[in-house]
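Secondary and tertiary structure notes
The chain contents come next:
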Amino acid sequence: MESAAPALFSLRDASKRFSNGTLALEGMSLDCGEHEFISFLGPSGCGKSTALRLIAGLTDLSSGQLDWHGAADRTAGNRDLGFVFQEPTLMPWARVFDNVWLPLKLIGVKRAEADPVVRQALEMVGLSRFAEVYPRELSGGMKMRVSIARALVTRPRLLLLDEPFAALDEMTRIKLNNDLLAIWREHRFSVVFVTHSVYESVYLSSRIVVMAPRPGRVIEEIRIDEPYPRGEAFRTSTRYNTHCTAVSQALQGGLHGVDIDH
Ligand SMILES: Nc1ncnc2c1ncn2[C@@H]1O[C@H](COP(=O)(O)OP(=O)(O)OP(=O)(O)O)[C@@H](O)[C@H]1O
Ligand SMILES: [Mg+2]
């Protein structure tokens, strides 16, 4: 049976219980299609990172199912998947070029062959002129750009980002939001983006998965049915504000009855 919009992956009733007994995620279901921009939004401990790691194959499901469509196996080492962590996790002793080359090097692509591909990835994130510098010479925002270039150098169909901009100042974050949207629109991969920020999730996403803790679970899925490109006009619009209010209310509904002790 063929569906109208073929999904990239489907998560069915996925749960994760850690060996210490913590139920980090309970009964999560999600279909991700081609060229979607999905955000996982929720407070600390609601299982956002756990869900992302399950999708990446970095951790196993305790129950439920993860199906990839059009491929048998897509694990973390697979070229079809890029992962960006909250910290840029760059190798400090290696130049920017070598940091971005790493995923290709690991699958046996030699420097000369990788060269144009690495340079193209650096160009995507606006760092063409920085290939030969060391991470310590870069600002926080630039390090994050390198981390995104490294995740995209294999041209994955899915990019997973775990609170990539949380440590950045507001202006840098807005700039990176805009640049990420531009790259996404041009290269047409799908994104799953983890954030604490209602504003960031509404600005970026075509769909927001609102989550709640104890146990970590999905409480609502909200579509942000607004056209791209999105820019300052959207960010300052009444419609943007209306979406933010609706998403905040969904989030607060999920916290109802949960003790806040941190
Ligand atoms: N390896 C682990 N072993 C035991 N418990 C874990 C482990 N990793 C996460 N947890 C617990 O699972 C729950 C969900 O954690 P997770 O890191 O997925 O939340 P999160 O939504 O990403 O939170 P944050 O916003 O703080 O990053 C939390 O209660 C956390 O303490
Ligand atoms: Mg997390």
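Keep in mind that what you see is a predicted model, and the values were worked out from it rather than measured. (Residues numbered from 1 in each chain as written. Chains lettered and ligands numbered in written order. Predicted model: local features only at pLDDT ≥ 70, side-chain atom pairs only at ≥ 80, totals over all residues. Heavy atoms only, no water.)

1. Some remarks on the nonpolar core
Ranked by size, the top nonpolar core spans 54 residues in total, and within it Phe 37, Val 100, Val 118, Leu 159 and Val 202 carry the most contacts. Structurally, this core is a two-domain feature, drawing no fewer than three residues from each of domain 1 (1-80 + 174-262) and domain 2 (89-155). Aside from chain neighbours lying at most four places away, what touches Phe 37 is Leu 180, Leu 181, Trp 184, Val 191, Phe 193, Leu 204, Ser 205, Ser 206, Arg 207 and Tyr 228. Listed in part, the 25 residues of the second largest apolar core include Leu 30, Ala 56, Leu 81 and Leu 160. (Core = buried A, V, L, I, M, F, W, Y, C linked by side-chain atoms within 4.5 Å. Buried < 20%, exposed > 50% of the residue type's maximum accessible area, 1.4 Å probe, protein only. Domains from an automatic or database assignment. Contact = heavy atoms within 4.5 Å.)

2. Examining the site of ligand 1
Neighbouring ligand 1 are 14 residues, the closest being Ser 44, Gly 45, Lys 48, Ser 49 and Thr 50. In the environment of ligand 1, an oxygen atom lies 2.5 Å from a nitrogen or oxygen atom belonging to the side chain of Thr 50. Within the side chain of His 196, one N or O atom sits 2.9 Å away from an oxygen atom of ligand 1. Protein chains bury 62% of the 630 Å² of accessible surface belonging to ligand 1 in isolation. (Near = heavy atom within 4 Å. Polar contact = N/O pair within 3.5 Å; in protein donor to acceptor, adjacent residues only side chain to side chain. Areas by Shrake-Rupley, 256 points an atom, 1.4 Å probe, with all protein chains shown as cover.)

3. Description of the sheet that holds strand β2 (residues 23-33)
Taken in spatial order, the three strands of this open sheet run β2-β1-β4, and their pairing is antiparallel. Looking at the sheet topology across the chains shown, the edges are occupied by β2 and β4 (63-68). The average undirected angle you get between the axes of adjacent strands in this sheet is 10 degrees. Sheet topology note: the strand β1 (residues 7-17)/β2 ladder contains seven bridges and is antiparallel. For Ala 7, the partnering residue across the bridge sits in β2 and is Gly 33. (Pairing = 2+ DSSP bridges. Helix = DSSP H or I, 4+ residues; strand = E, 2+ residues; numbered from the N terminus. Axes fitted to C-alpha atoms, helices over the stretch in contact; angles between N-to-C directions.)

4. Quick notes on the sheet that holds strand β5 (residues 81-84)
Judged by pairing direction, the sheet is mixed, and its six strands sit side by side in the order β5-β6-β7-β3-β8-β9 without closing on themselves. One side of each edge strand has no neighbouring strand; the edge strands of this open sheet are β5 and β9 (217-223). Here the strands of the sheet are splayed against their neighbours by 15 degrees on average, with no regard to which way each runs. As paired strands, strand β3 (residues 37-41) and strand β8 (residues 207-212) are joined by four bridges and run parallel to one another. Residue pairing for β8: Ile 38 is matched across the bridge by Arg 207. Contacts from helix α1 (residues 48-56) reach β3, β5, β6 (158-162), β7 (190-195) and β8 within the one sheet, and its direction differs from that of β6 by about 150 degrees. The strands touched by helix α8 (residues 238-255) are β3, β8 and β9; relative to β9, the strand with the most contacts, the crossing angle is about 170 degrees.

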